Amino acid sequence: MPRCLESVLLVALLGPTPATARDAPEPLSSARLQAAAAYSAGHGGLALLIQQDGRTLVENYGGGHRSSSQHRIYSGTKGFWGLAALKAHEDGILDLDDRVSKHVPAWNTDSRKDHATLEQLLLFNSGLEAMKPIHEDNLANRDQMGIDASMVAHPGRSFIYGPAPLQVFHHVLSQHLLKKGERPYTYLEKEILAPMGLGRQRYIPDKAGNPLLAAGFMMTARQWSHMGDVLIAGGRPILSARSFEQLYRGSSANRAYGFGFWNNRAADGRRAREIDIETELSRHWWEQDWKNACLCRDAPEDLLACIGSNSQRLYAVPSLGLVIVRQGTDRGFSDAAFLRLLFLE
């Protein structure tokens, strides 16, 4: 490992664990852990945390980064709001099967907008343009920008990743929560963040007070790992098992993405294609190809990932009780290469 790396490598010999809903997983070998740690560090890694069944196997920091250092997780933010959307559906606050136009009258006058659903906003297959300027600071009203955005595809047919659909969802959620004297960010804090042991986040509000749902949060590696703990627990204590399964379902436009999370379900298929998610997203939406997409053919199929710009990663593998947080800079980091070092037999 590079000498500049402030490193704590803890390779635990996992003995018998208390009975759980699954058998105790086979521990990852020291050689695999060291190889993955070296790869992350050699590709701009600032932090790497690997935990299995609550035990820390690797905790490395470099480049001046420390365990107390918060780092932008960029689109990792989307996963928290995705859980909030599913929780709101469970709580009966809103119905994700509703057409958006039921709650946004202005969408009734557009034949394509009129057919888009709340769920499609969250799966990025509503047909609404991405509208990346919504990421900018000092905006008057992000939600209104999303509502006014153009439809560029028919609902359900295309995957168009960007902030506009999430701000439309925020507008609808706001309408419902205001009746209860709440705001979306207070609901997020109470129902999602607090059960994870997390508090108020960096919301980047616009002049109307609307947070940016697509990005913005800053976390230490250990703070972000609390999301992984929820994922390996099948959504508990936040979501029901039925809602948790929605993270794996995806859509016909992109089976690999759902509610802020990327899945590896296609990995075992004969036609599985390893995709560099950030590279694919850098292309125009009509040039992207998500058919049979997976992160790594050699990684478990039940792997879920939060993917943030510049190679910020949270991986969770429920079948192995495994949580991995990787923070850093983008220096050629590859999900497939990193995960293969951990999982290839």
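Residues numbered from 1 in each chain as written. Predicted model: local features only at pLDDT ≥ 70, side-chain atom pairs only at ≥ 80, totals over all residues. Heavy atoms only, no water.

1. Re the pairing of strand β2 (residues 45–52)
Burial of β2 is extensive: eight of the eight residues sit out of reach of the surface. Sheet analysis places β2 next to strand β12 (residues 322–328), joined by seven bridges and oriented antiparallel. Pairing of L48 across the sheet is with R326, part of β12. Judged from the six bridges that link them, β2 and strand β3 (residues 55–61) form a sheet pairing that is antiparallel. Bridge pairing in β3 links A47 to Y61. Between the end of β2 and the start of β3, which pair antiparallel, lie two residues, with D53 showing a positive phi angle near 50 degrees. (Buried < 20%, exposed > 50% of the residue type's maximum accessible area, 1.4 Å probe, protein only. Helix = DSSP H or I, 4+ residues; strand = E, 2+ residues; numbered from the N terminus. Pairing = 2+ DSSP bridges.)

2. As for the layout of surface pockets
There is about 740 Å³ of room inside the largest pocket. Along the walls of the largest pocket sit 31 residues, with S75, K132, H135, Y161 and S309 positioned nearest its centre. Among the elements of the structure, α10 (277–281) and β10 (304–308) are those that each provide at least two residues to the lining of the largest pocket. Along the lines of polarity and charge, the residues of the lining of the largest pocket split into 14 nonpolar, nine polar and eight charged. (1 Å grid on protein atoms, 1.4 Å probe; cavity = no way out; pocket = protein on both sides within 12 Å on 5 of 7 lines; lining within 4 Å. Points joined across faces, edges and corners; volume = space filled by probe spheres on them. Nonpolar A, V, L, I, M, F, W, Y, C, P; charged D, E, K, R; others polar.)

3. Considering the packing of helix α2 (residues 76–90) against helix α6 (residues 184–193)
Close contact between α2 and α6 brings their axes to 10 Å; oriented N to C, the two are set at 90 degrees. Classed by the angle they form, the pair α2 and α6 counts as roughly perpendicular. Between α2 and α6, the contacting residues are F80, W81, L83, A84, K87 and A88 on the first element and P184, Y185, Y187, L188, E191, I192 and L193 on the second. Residues that form the contact of α2 with α6 fall into these classes: eleven nonpolar, no polar and two charged. (Axes fitted to C-alpha atoms, helices over the stretch in contact; angles between N-to-C directions. Parallel < 35°, antiparallel > 145°, perpendicular 65-115°, else oblique. Contact = heavy atoms within 4.5 Å.)

4. Here we look at helix α1 (residues 30–42)
Across its 13 residues, α1 extends 18 Å between first and last C-alpha, which sits within 8% of the 18 Å expected from 1.5 Å per residue. Among the residues of α1, L33, A36, A37, Y39, S40 and A41 are the ones counted as buried. Next to the buried residues of α1 lie β2, β3, β12 and α11 (335–343). Downstream of α1 by one or two residues, G44 has phi in the positive range, about 80 degrees. (Expected span 1.5 Å × (residues − 1).)

5. As for the side chain of D114
Considering the arrangement of structural elements, one finds D114 in the loop between α2 and α3 (118–123). What makes D114 buried here is its relative accessible area of 18%. The contact partners of D114, leaving out residues within four places of it in the chain, are R99, S101, W107 and N108.

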